[in-house]
Amino acid sequence: MSDRVPLIAISPRLLHQVPSELGFRGKKLQFLEQSVSHWLSHAGAIVAMVPTIERGGELRRADLDVDGIAERFDGLFLQGGADLDPRLYGEEPRPCTIGVDPVRDRFELDLLRAFDRAGKPVLGICRGMQLINIAFGGSLHQDLLIDGVTTESHVISERYDEHGHALTIRDGGRFADWYGAGSRFRINSIHHQAAKVVAPGFVVEAQADDGVIEAISCMDRSRFVVGVQWHPEFHDGRDPQLMDRAPLMQSFLSACSR
Ligand SMILES: [Mn+2]
């Protein structure tokens, strides 16, 4: 059983309005960024993207059996992307919240809950971590700078994944087992929102020096629900200063193989 190659579902990013130079006139794209699938594949998983269903297509959302999907896969990987709708955590959207995509929000929340119901592991990256936090009752800062949480921006668009900062691994969580409690690493940083109230039943695994929460996991060790605010898929070894992503992925995949 432990030799089983895990089959991992990735939820897509959605492009509702495709730039005309790409063709696809009037069509919609569902896609994944290839570093994500390469990271999973290189670590030994088989990867498949699970498309969503939108109003106006041939299928209705009710036709999508998320529990059936969760049954067939061994784990769920949640990609990064647009801000989550603040109404999901009881706030009105402010102008600093950008690119909200209710179709993707609903689909990923359904998937996340189905995988968790089925006892299947979930790993969320960036927006994926934020989704996990609000799905289980937490909330987000709509903008770290505007909300005065920090004076150091956690995103510099021109530098994209070359922008980063240090973090510290907190005691008592899973990351302390994987990386060592109190250890410090450099990670990339491509986010302007972050967890505000951490979901009940979840623990802070890592924090930046300004206090921004950079990783969470559920306290119940019989479930694997873990989110990181950075993008380990871009820690591909080209910059040896960056945190080793392997222990995180190996822990996810071994939970998926059980
Ligand atoms: Mn950050």
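In this report, the structure presented in the accompanying data block is examined.

1. A short note on the nonpolar core
Generally speaking, nonpolar side chains in soluble globular proteins are found buried as a group.
Thought 1: Ile 8, Leu 76, Phe 77, Leu 112, Val 122, Ile 132 and Phe 252 are the most contacted members of the largest nonpolar core, which has 58 residues in total.
Thought 2: Sort the elements by how many residues they give to this core and helix α6 (residues 246-257) lands first, with 6 residues.
Thought 3: Once residues lying within four places of it in the same chain are set aside, the contact partners of Val 122 are Gly 75, Leu 76, Leu 78, Leu 112, Phe 115, Asp 116, Ile 132, Phe 224 and Val 225.

2. A closer look at unusual backbone geometry
Thought 1: One non-glycine residue, Cys 126, adopts positive backbone phi at about 60°.
Thought 2: Counting through the fold element by element, Cys 126 comes out in the loop between β6 (122-125) and α4 (127-135).
Thought 3: Taking the C-beta count within 10 Å as the criterion, Cys 126 has 24 such neighbours and is therefore assigned buried.
Thought 4: Here the phi dihedral of Tyr 160 falls at roughly 40°; this positive angle occurs in a residue that is not glycine.
Thought 5: Secondary-structure assignment places Tyr 160 in the loop between β7 (140-141) and β8 (164-169).

3. Topic: the pairing of strand β11 (residues 202-208)
Thought 1: The pairing of β8 with β11 spans 3 bridges and is classified as antiparallel. Paired with Ile 169 across the two strands is Ala 206, which belongs to β11.
Thought 2: As defined by bridge partners, β11 adjoins strand β12 (residues 213-218) across 5 bridges and the pair is classed as antiparallel. Along β12, the bridge assignment pairs Ala 206 with Ala 215.
Thought 3: In this structure, the hairpin formed by β11 and β12 is closed by a connection of 4 residues, where Gly 211 is found at a positive phi of approximately 95°.

4. Here we look at the sheet that holds β12
Thought 1: Strand order in the open sheet made by the 9 strands is β4-β1-β5-β6-β13-β12-β11-β8-β9, with mixed pairing throughout. Each of the sheet's edge strands pairs with one partner strand only, and the pair in question is β4 (46-49) and β9 (184-188). On average, adjacent strands in this sheet sit at an angle of 25° to one another, irrespective of strand direction.
Thought 2: Sheet contacts for helix α3 (residues 102-117): β5 (75-78), β6 and β13 (225-228); angle to β5, the most-contacted strand, approximately 150°.
Thought 3: Packed on one face of the sheet, α4 meets β5, β6, β11, β12 and β13 and runs near 120° to β6.

Reading the values: the criteria
- Residues numbered from 1 in each chain as written.
- Predicted model: local features only at pLDDT ≥ 70, side-chain atom pairs only at ≥ 80, totals over all residues.
- Core = buried A, V, L, I, M, F, W, Y, C linked by C-beta atoms within 7 Å.
- Buried ≥ 20, exposed ≤ 12 C-beta atoms within 10 Å, placed from the backbone.
- Helix = DSSP H or I, 4+ residues; strand = E, 2+ residues; numbered from the N terminus.
- Contact = placed C-beta atoms within 7 Å.
- Pairing = 2+ DSSP bridges.
- Axes fitted to C-alpha atoms, helices over the stretch in contact; angles between N-to-C directions.

That is the geometry; function is a separate question.
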